[in-house]
Amino acid sequence: MAWRVQAIRGATTVSENSIEAIREAVTELLDELETHNQIDPEQIISTTFSVTRDLDAIFPAAIARQRPHWNHVPLLDVQQMHVEGSLERCIRFLIHVNMPETHSQKIVHTYLREAKNLRPDLIAR
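Let us look at the structure shown here. Computed from a predicted model, the values in this text were never measured in an experiment.

**Thoughts on the overall build of the chain**
The helix and strand inventory of the chain stands at 2 helices and 5 strands. The order of helices and strands in the chain, counted from the N terminus, is β-α-β-α-β-β-β. Against the 2.2 N^0.38 benchmark of 14 Å for 125 residues, the chain shows a C-alpha radius of gyration of 14 Å, consistent with a compact globule. Within the structure as shown, the chain displays about 7300 Å² of accessible surface, and the carbon and sulfur contribution to it stands at 50%. Of the charged side chains in the chain, 13 are positive and 17 negative; the average position of the first set lies 5 Å away from that of the second.

**A closer look at the nonpolar core**
Core analysis: the biggest nonpolar cluster contains 27 residues, and Leu30, Leu33, Phe49, Trp70, Ile91, Phe93 and Ile95 have the highest contact counts within it. Among the elements that line this core, the one with the most residues is helix α1 (residues 19–37), at 7 residues. When sequence neighbours within four positions are dropped, the list of residues in contact with isoleucine 91 reads Gly10, Ala11, Thr12, Val14, Ile22, Val26, Leu29, Phe49, Ser50, Val51, Leu55 and Pro60.

**A closer look at α1**
Taking 1.5 Å as the rise per residue, α1 with 19 residues should run 27 Å; its terminal C-alpha atoms sit 27 Å apart, in good agreement. Listed as buried for α1 are Ala21, Ile22, Ala25, Val26, Leu29, Leu30, Leu33 and Asn37. Within α1, the buried residues cover an arc of 145° as seen down the axis, which keeps them to one side. Among the exposed residues of α1, those pointing more than 90 degrees away from its buried face are Glu20, Glu24 and Thr35. Buried residues in α1 make contact with β1 (3–13), β2 (44–51), α2 (60–64), β4 (90–100) and β5 (110–111).

**Remarks on the sheet that holds β4**
If you trace the 5 strands from one edge of the open sheet to the other, you get β3-β2-β4-β1-β5, paired in mixed fashion. Single-partner strands in this sheet number two, and they are β3 (75–79) and β5. In the sheet, β2 pairs with β4 via 7 bridges, with the strands oriented antiparallel. Its bridge partner lying in β4, threonine 48 is registered against leucine 94. Sitting on the sheet, α1 is in contact with β1, β2, β4 and β5, with an inclination near 25° to β4.

**Observations regarding the pairing of β1**
Relative to β4, β1 runs antiparallel, the two being bridged by 11 bridges. Each residue of the ladder has a partner; that of glutamine 6, found in β4, is valine 97. As judged from the 2 bridges shared by β1 and β5, these two strands associate in the parallel manner. Within β5, the residue paired with alanine 11 across the bridge is tyrosine 111.

**Some details on the side chain of asparagine 37**
Among the structural elements, asparagine 37 can be located in helix α1. By relative accessible area, asparagine 37 is classed as buried at 1%. At 2.7 Å, the side chain of asparagine 37 and the backbone nitrogen of valine 108 are in polar contact.

Definitions and cut-offs
Residues numbered from 1 in each chain as written. Predicted model: local features only at pLDDT ≥ 70, side-chain atom pairs only at ≥ 80, totals over all residues. Heavy atoms only, no water. Helix = DSSP H or I, 4+ residues; strand = E, 2+ residues; numbered from the N terminus. Rg over C-alpha atoms; globule rule 2.2 N^0.38 Å. Areas by Shrake-Rupley, 256 points an atom, 1.4 Å probe, with all protein chains shown as cover. Lys, Arg positive; Asp, Glu negative; His and termini not counted. Charge placed at Lys NZ, Arg CZ, Asp CG, Glu CD. Core = buried A, V, L, I, M, F, W, Y, C linked by side-chain atoms within 4.5 Å. Buried < 20%, exposed > 50% of the residue type's maximum accessible area, 1.4 Å probe, protein only. Contact = heavy atoms within 4.5 Å. Expected span 1.5 Å × (residues − 1). Arc of directions from axis to C-beta. Pairing = 2+ DSSP bridges. Axes fitted to C-alpha atoms, helices over the stretch in contact; angles between N-to-C directions. Polar contact = N/O pair within 3.5 Å; in protein donor to acceptor, adjacent residues only side chain to side chain.

What follows is the structure in structure tokens.
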């Protein structure tokens, strides 16, 4: 079987800088990712999370690592570059996945909450 690498983007926001708020948002974001893209975590090459400078209560990767079958996914957290006036309390991800070339389903990029405004062109209709 032939494979190709696909990149999937996504983002969400949180109401406050707390472990609970970040856990809820990351869980919701990854649930949506898995639901709409039918991803097997064993096909994930790597995942990078970025967070805005106002979020430091917990690493999103620590939350993802607790998901079923995500404990062997290479995960990385970084701080998003700050740009004056940009969206606050935002968590983004970039996931690289091995997909069969015969995979006919379109990739669904996941933008939730206030992050929907970041890429309205990628929001599933």
